[in-house]
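Listed here are the chains, written in short residue letters.
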Amino acid sequence: MGDGVRGVLFDLDGTLLDTERLLLASFRYTMRAVLNEVIPDERLMAKVGQPLNTQMWDFTNDAAVHEELCRTYREYNAQVHDDLIRIFPGTVDALVELRRMGYPLGVVTSKRRAPALQGLAAFGLQDSFDCLIGSDDWASHKPDPGPVLHGCDLLGLRSSECVYVGDSPFDMLAGNGAGCKTVAALWGMFPESVLRAESPDCICASIEELPGLLRAG
């Protein structure tokens, strides 16, 4: 797979950082606080990988309630962020090895820039990437390929020269739509069957496999 690849772009939540506990806790709190409802986790997490503004329209048609859902979620998420966030095993070593191999690296996430940087900084990764694109940095959002294409541009590469690694079907759709090679991250939040349905170029069980996959050509 590494033949012709010159750069690597990553999703953030569920790919570099293990944020499942954080997201679930934030969603559960928000639904109780604003809607006074307990909503099944499967429904809460169904659109993880898209911007929060998009996700919250699944729970209301009222603009004022939507705004309150987003505000409550973000406030609570910021309060518990550092206590609930984790990094996937092998992430740091994999990034170091990819750097050693000469690949420029970037992050393309549906999270806003500030909390994305907060998550990276919690594990000393804020300087590990050549670019970071958050949901407030680009007009369109995954599954639209726009932010991934922008990431390729910031790396100074054609999309055909880049790999996009992500754990959601929205990541695969965006990466494929951009013309990147795509790697489905099975260590994230979505089941393998959901990712395979979007025709990734490769599937990895662990981020530790990624350098070897690219080295193999």
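Since the structure is predicted, the reported quantities are computational estimates derived from the model, not experimental observations. (Residues numbered from 1 in each chain as written. Predicted model: local features only at pLDDT ≥ 70, side-chain atom pairs only at ≥ 80, totals over all residues. Heavy atoms only, no water.)

Asker: When you look at the packing of aromatic side chains in this model, what are you seeing that I'm missing?
Answerer: Aromatic ring pairs are described here by two measures, namely the spacing of the ring centres and the angle between the planes. Inspection of the entire model under this criterion finds five aromatic pairs. Ring centres of Phe170 and Phe190 lie 6.4 Å apart, and the angle between their planes is 90 degrees; on these two criteria the pair is classed as edge-to-face. Here Phe170 is found in helix 8 (residues 169–178), whereas its partner Phe190 is found in the loop between strand 7 (181–185) and helix 9 (192–196), with 20 residues between them in sequence. The burial state of Phe170 is the same as that of Phe190; both residues are buried. Site record: aromatic cluster; members linked through ring pairs are Phe27, Phe59 and Tyr73. (Phe/Tyr/Trp six-rings, centres within 6.5 Å; stacked < 30°, edge-to-face > 60°. Helix = DSSP H or I, 4+ residues; strand = E, 2+ residues; numbered from the N terminus. Buried < 20%, exposed > 50% of the residue type's maximum accessible area, 1.4 Å probe, protein only.)

Asker: Is there a simple way to explain helix 5 (residues 91–100) in this structure?
Answerer: Helical periodicity: at 3.6 residues per turn, an α-helix aligns residues three or four positions apart in one direction. Residues Thr91, Ala94, Leu95 and Leu98 constitute the buried set of helix 5. One side of helix 5 carries all its buried residues, which in axial view fall inside an arc of 95 degrees. Of the exposed residues in helix 5, those oriented more than 90 degrees away from the buried face are Asp93, Val96 and Arg100. Close packing links the buried residues of helix 5 with strand 1 (7–10), strand 3 (86–87), strand 4 (105–108) and helix 10 (210–215). Positive phi appears at Gly102, one or two residues downstream of helix 5, with a value of about 95 degrees. (Arc of directions from axis to C-beta. Contact = heavy atoms within 4.5 Å.)

Asker: Where do I start with the environment of Arg21 in this structure?
Answerer: Relative to the helices and strands, Arg21 resides in helix 1 (residues 20–35). Taking the C-alpha atoms as reference points, Arg21 and Arg86, separated by 65 residues in sequence, lie 8.9 Å from one another. When sequence neighbours within four positions are dropped, the list of residues in contact with Arg21 reads Asp83, Leu84 and Arg86.

Asker: Help me out: how do you make sense of the nonpolar core in this one?
Answerer: Across soluble globular proteins, nonpolar side chains have a tendency to be buried as a group. Core analysis: the biggest nonpolar cluster contains 31 residues, and Phe10, Leu16, Phe129, Val183 and Leu210 have the highest contact counts within it. Put simply, the parts of the chain that give this core at least two residues each are strand 1, helix 5, strand 4, helix 6 (113–121), strand 6 (162–166), strand 7, strand 8 (202–204) and helix 10. Setting aside its immediate chain neighbours within four residues, Leu210 contacts Val8, Phe10, Leu98, Val165 and Val183. (Core = buried A, V, L, I, M, F, W, Y, C linked by side-chain atoms within 4.5 Å.)

Fair warning: the whole summary comes from geometry, so function is off the table for now.
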